[in-house]
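The lines below spell out each chain.
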Amino acid sequence: MNRLFGAAAPKPPKATLNSAISNIDTRISSIDVKLASLTAELTGYQTKLSKLRDGPGKTALKQKALKVLQRRKQYEAQRDQLQSQVWNMEQAQTMQDNLKNTMVTIDALKSTNKALRKEYGKVDIDKIERLQDEMADLLDVGNEIQESLARSYDVPEDVDEAELDAELEALGQEVEMEREFAMGAEGALPSFMQDEVPEFIDEAPTTAGKVKEVAG
């Protein structure tokens with residue numbers, strides 16, 4: 001069949017906003033070139049008209065300048081239209097890009113939501129509560145063990161404070177006696193022996209007494 005009727009021509013690719021904007025920008029660039037040429041031509045006419053006197057020659061030259069000016073205005077109108085089209089397509093392109101970004105964000109949110117549901121579905125709340133209760137029980141057992149290990153066996157629970165005071169006073173007396181004995185060893189007498197030793201007062205001998213004893 002293809003040999004009889006020929007193969008179908010391939011369809012041209014669909015135009016996109018980017019390609020359309022690029023084509024119009026190319027047309028605007030070509031119009032700018034023409035406008036620059038017309039402006040230069042008008043400048044030449046204006047220079048010549050300023051040097052000519054009124055007359056048929058100046059009138060004919062002025063008619064040429066008016067035609068060039070009219071052409072330039074037509075090109076300027078075309079350029080304005082094309083620039084408006086480009087502006088509209090750029091706005092549409094921006095909206096399309098924003099829509100794509102929005103769809104990407106929505107897809108990402110859906111995927112994240114699906115993954116979270118899957119992961120949270122593996123979590124057993126009751127099991128977590130049981131683990132928390134077991135941890136609290138273990139902490140209580142640990143505290144009881146620490147308290148048991150820290151218990152003292154030497155100090156009785158019912159101790160008479162008066163007996164403690166008497167024992168503390170006796171210890172003080174023993175310390176005082178040891179201190180006094182230590183001082184006695186160095187030449188001083190203990191306090192409990194000082195009352196038993198008489199005190200002697202040495203008086204200086206008188207001269208008269210000694211003379212009588214020699215004479216007698």
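Source: prediction; values computed, not measured. (Residues numbered from 1 in each chain as written. Predicted model: local features only at pLDDT ≥ 70, side-chain atom pairs only at ≥ 80, totals over all residues. Heavy atoms only, no water.)

This part takes up a nonpolar patch on the surface. Residues Leu 116, Tyr 120, Val 123, Ile 125 and Ile 128 make up a contiguous nonpolar surface patch of roughly 490 Å² in combined accessible area. Among the elements of the structure, helix H3 (56-120) and helix H4 (125-149) are those that each provide at least two residues to the nonpolar patch. Structurally, Ile 125 is set in helix H4. Judged by its relative accessible area of 54%, Ile 125 is exposed. (Patch = residues over 30% accessible without salt bridge, like charges linked within 9 Å, V, L, I, M, F, W, Y side chains within 5 Å. Areas by Shrake-Rupley, 256 points an atom, 1.4 Å probe, with all protein chains shown as cover. Salt bridge = Lys/Arg side-chain N within 4 Å of Asp/Glu carboxyl O. Helix = DSSP H or I, 4+ residues; strand = E, 2+ residues; numbered from the N terminus. Buried < 20%, exposed > 50% of the residue type's maximum accessible area, 1.4 Å probe, protein only.)

Of all residues in the protein chain, 75% have pLDDT values of 70 or greater, and the mean over the chain is 79. Within the protein chain, the lowest mean pLDDT, 48, falls on helix H6 (residues 207-215), and the highest, 91, falls on H3. (pLDDT = per-residue confidence, 0-100.)

Once that is clear, we can look at a negative patch on the surface. On the surface, Asp 124, Asp 126, Glu 129, Asp 133, Glu 134, Asp 137, Asp 140, Glu 144 and Glu 147 cluster together into a patch of negative charge. Structurally, Glu 147 can be placed in helix H4. On the accessibility criterion, Glu 147 (59% relative accessible area) is exposed. (Lys, Arg positive; Asp, Glu negative; His and termini not counted. Charge placed at Lys NZ, Arg CZ, Asp CG, Glu CD.)

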